[in-house]
Each structure stands twice: as C-alpha cells, then as structure tokens.
Amino acid sequence: GRPVSDIIQQRLPVTLTLAAVTFVIQGIIGIAAGVLSAIFRDRFIDRLVQVSTVVVVALPVLAIAFVLQLIFGLNLGWFPIAGTREGLYSYILPGFAMAAVSTAMIARLLRGELIEALQSDYVRTATAKGMRRSRVITRHGLRNSMIPIVTFMGADLASMIGGSIVVESIFNLPGLGEQVYRSIQAQEGTVVVGIVTLFVLAF
C-alpha cells in the first residue's frame with residue numbers, strides 16, 4: 001500500500017553509504033597492496049599479495065561475509081554484526097565483505113600495470129637523471145598505471161549498488177538490497193521491478 005518511490009527514497013541512503021564505504025576500502029587497500037607488490041616484486045610481500053588475492057577472488061561474497069561476521073563480529077566483538085545503530089561504524093564490516101573481491105582485482109591489476117610502467121623508457125630516463133625512486137614511482141609509474149584502475153573502480157561502483165543484495169541481507173542493513181530480498185520472499189513484484197530498474201539505470 002505504499003508507493004515504490006517512497007520505499008526507494010527511504011532505503012537509498014543506506015545503500016549509497018555502504019557503496020561509499022566499500023569504494024574507499026577497496027581503493028585504499030587495493031592500491032596500497034598493488035603498489036607494494038610491484039615495488040617488492042618476487043619478494044615475500046609480492047607473493048603474499050598474489051596468494052591472498054587468488055584466495056579472495058576464489059571465494060564467493062556470501063562466504064566472505066559470513067566469515068567476517070563470525071570472526072570479527074561474534075568471536076572478537078570488534079564490529080556490530082547487524083543493523084545501523086552504530087552509525088558509520090556499522091558499515092565497516094559489510095564494506096569489507098563487499099570490497100574483498102574488488103580489492104583483490106585492483107591489487108592484481110595495478111601490480112601488472114605498475115611493473116610494466118616501471119620497465120618503460122621514460123621511467124628509466126627519469127631514474128638515470130637521478131630522480132628519487134619514490135618520485136619516479138608516484139610521478140611517472142603510478143600516474144600512468146592508474147588509468148585502468150580508475151576505469152575499473154568506476155564500473156565497480158555501479159556493481160556495488162546492485163551487488164548489495166547479499167551483503168545487506170546478511171548484515172540486516174535496511175537498504176535497497178535487503179528490500180529486494182524481502183520483496184522477493186513476499187512476492188511483491190512491483191517493488192522488485194522498481195528497485196531493480198533503479199539498479200540497471202545506475203549501472
């Protein structure tokens with residue numbers, strides 16, 4: 001008995017907040033891991049990043065969310081496991097669950113791009129002129145390597161909004177994803193079509 005637009009208006013901020021937290025987490029951790037992996041190529045850090053990213057990519061988001069909820073929520077008690085009562089703090093664990101696979105993809109993509117950039121002629125020229133290694137990496141290597149990363153993250157931001165159905169349902173976040181899950185169970189076709197149409201337009 002409610003307009004679908006009212007439901008969307010009420011629940012959209014939760015989904016957008018979760019997407020923003022996820023975007024920041026995957027950006028910071030993914031880029032840092034990719035840079036460290038490229039700088040310390042074929043060393044322990046590089047191998048650690050490569051093995052961990054393969055493991056994370058192989059796991060479904062559903063499994064990652066449950067494991068994070070069990071370890072960091074129930075056993076350690078560091079983060080709330082459901083709802084939004086703790087404010088922005090409530091979005092950290094779901095954010096990590098949603099960001100896991102994309103973070104691994106960013107790290108692997110950036111590693112390959114940065115290694116290729118650091119072997120290019122203009123980087124070798126900058127190094128030969130006596131420019132500091134950190135400046136060579138950030139000014140010449142990283143700047144050019146970030147082009148495909150920014151493209152990937154832009155497309156992934158739209159995927160986050162649609163992919164929030166599983167994570168919001170597990171962490172009981174009152175967003176659009178959780179509403180879709182509830183509406184499917186209740187066979188409210190109009191609500192599902194309305195929200196999914198919004199997901200498609202966002203993508």
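Residues numbered from 1 in each chain as written. Predicted model: local features only at pLDDT ≥ 70, side-chain atom pairs only at ≥ 80, totals over all residues. Heavy atoms only, no water.

### Structural notes on the overall build of the chain
Phase 1 of the analysis: Secondary structure summary: the chain contains eight helices and zero strands in total.
Phase 2 of the analysis: Along the chain direction, N to C, the helices and strands of the chain fall in the order α-α-α-α-α-α-α-α.
Phase 3 of the analysis: Taken over the C-alpha atoms alone, the chain extends approximately 70 × 40 × 30 Å along its principal axes.
Phase 4 of the analysis: Residue burial in the chain is summarised as follows: out of 203 residues, 40% are buried.
Phase 5 of the analysis: The long-range fraction of contacts in the chain, counting pairs at least 24 apart against all pairs at least 6 apart in sequence, stands at 72%.
Phase 6 of the analysis: Accessible surface, the chain: about 11,100 Å² in total, of which carbon and sulfur atoms supply 66%.
Phase 7 of the analysis: Side-chain charges in the chain split into 16 positive and 11 negative, and the spacing between the mean points of these groups amounts to 13 Å. (Helix = DSSP H or I, 4+ residues; strand = E, 2+ residues; numbered from the N terminus. Buried < 20%, exposed > 50% of the residue type's maximum accessible area, 1.4 Å probe, protein only. Contact = heavy atoms within 4.5 Å. Areas by Shrake-Rupley, 256 points an atom, 1.4 Å probe, with all protein chains shown as cover. Lys, Arg positive; Asp, Glu negative; His and termini not counted. Charge placed at Lys NZ, Arg CZ, Asp CG, Glu CD.)

### Section: helix α8 (residues 189-202)
Phase 1 of the analysis: Helix length check: α8, at 14 residues, gives a terminal C-alpha distance of 20 Å against a target of 20 Å (1.5 Å per residue), a fit within 8%.
Phase 2 of the analysis: All buried positions along α8 are accounted for by V191, V192, I195 and F199. Looking straight down α8, one finds its buried side chains confined to an arc of 95°; they lie on one side. Exposed residues on α8 whose side chains face more than 90 degrees from its buried face are T190, V193, V200 and L201. (Expected span 1.5 Å × (residues − 1). Arc of directions from axis to C-beta.)

### Regarding the environment of Q69
Phase 1 of the analysis: One can find Q69 in helix α3 (residues 61-75).
Phase 2 of the analysis: Contact partners of Q69, with chain neighbours within four places excluded, come to L74, I81, L93, I170 and F171.
Phase 3 of the analysis: A distance of 3.3 Å separates the side chain of Q69 from the backbone oxygen of I170, its partner in a polar contact. (Polar contact = N/O pair within 3.5 Å; in protein donor to acceptor, adjacent residues only side chain to side chain.)

### Regarding the nonpolar core
Phase 1 of the analysis: Counting 29 residues, the largest nonpolar core has L18, Y91, F171, L173, I195 and F199 as its most contacted members.
Phase 2 of the analysis: Every element with two or more residues in this core is listed here: α1 (4-39), α3, α4 (92-118), α6 (133-170), α7 (176-185) and α8.
Phase 3 of the analysis: In terms of residue count, the dominant contributor to this core is α1 (eight residues).
Phase 4 of the analysis: Setting aside anything within four residues of it in sequence, one finds Y91 in contact with V14, T17, L18, V21, T84 and L173. (Core = buried A, V, L, I, M, F, W, Y, C linked by side-chain atoms within 4.5 Å.)

### Focus: the packing of α1 against α4
Phase 1 of the analysis: Between α1 and α4, whose axes approach to 6 Å, the crossing angle comes to 35°. The interaxial crossing formed by α1 with α4 has right-handed handedness.
Phase 2 of the analysis: Residues that form the contact of α1 with α4 fall into these classes: 18 nonpolar, eight polar and one charged. (Axes fitted to C-alpha atoms, helices over the stretch in contact; angles between N-to-C directions. Left-handed = near helix turned anticlockwise from the far one by under 90°. Nonpolar A, V, L, I, M, F, W, Y, C, P; charged D, E, K, R; others polar.)

### Thoughts on a positive patch on the surface
Phase 1 of the analysis: Where like charges cluster on the molecular surface, the positive patch consists of R132, R135, R139 and R143.
Phase 2 of the analysis: With respect to the secondary-structure elements, R132 resides in the loop between α5 (121-128) and α6. (Patch = residues over 30% accessible without salt bridge, like charges linked within 9 Å, V, L, I, M, F, W, Y side chains within 5 Å. Salt bridge = Lys/Arg side-chain N within 4 Å of Asp/Glu carboxyl O.)

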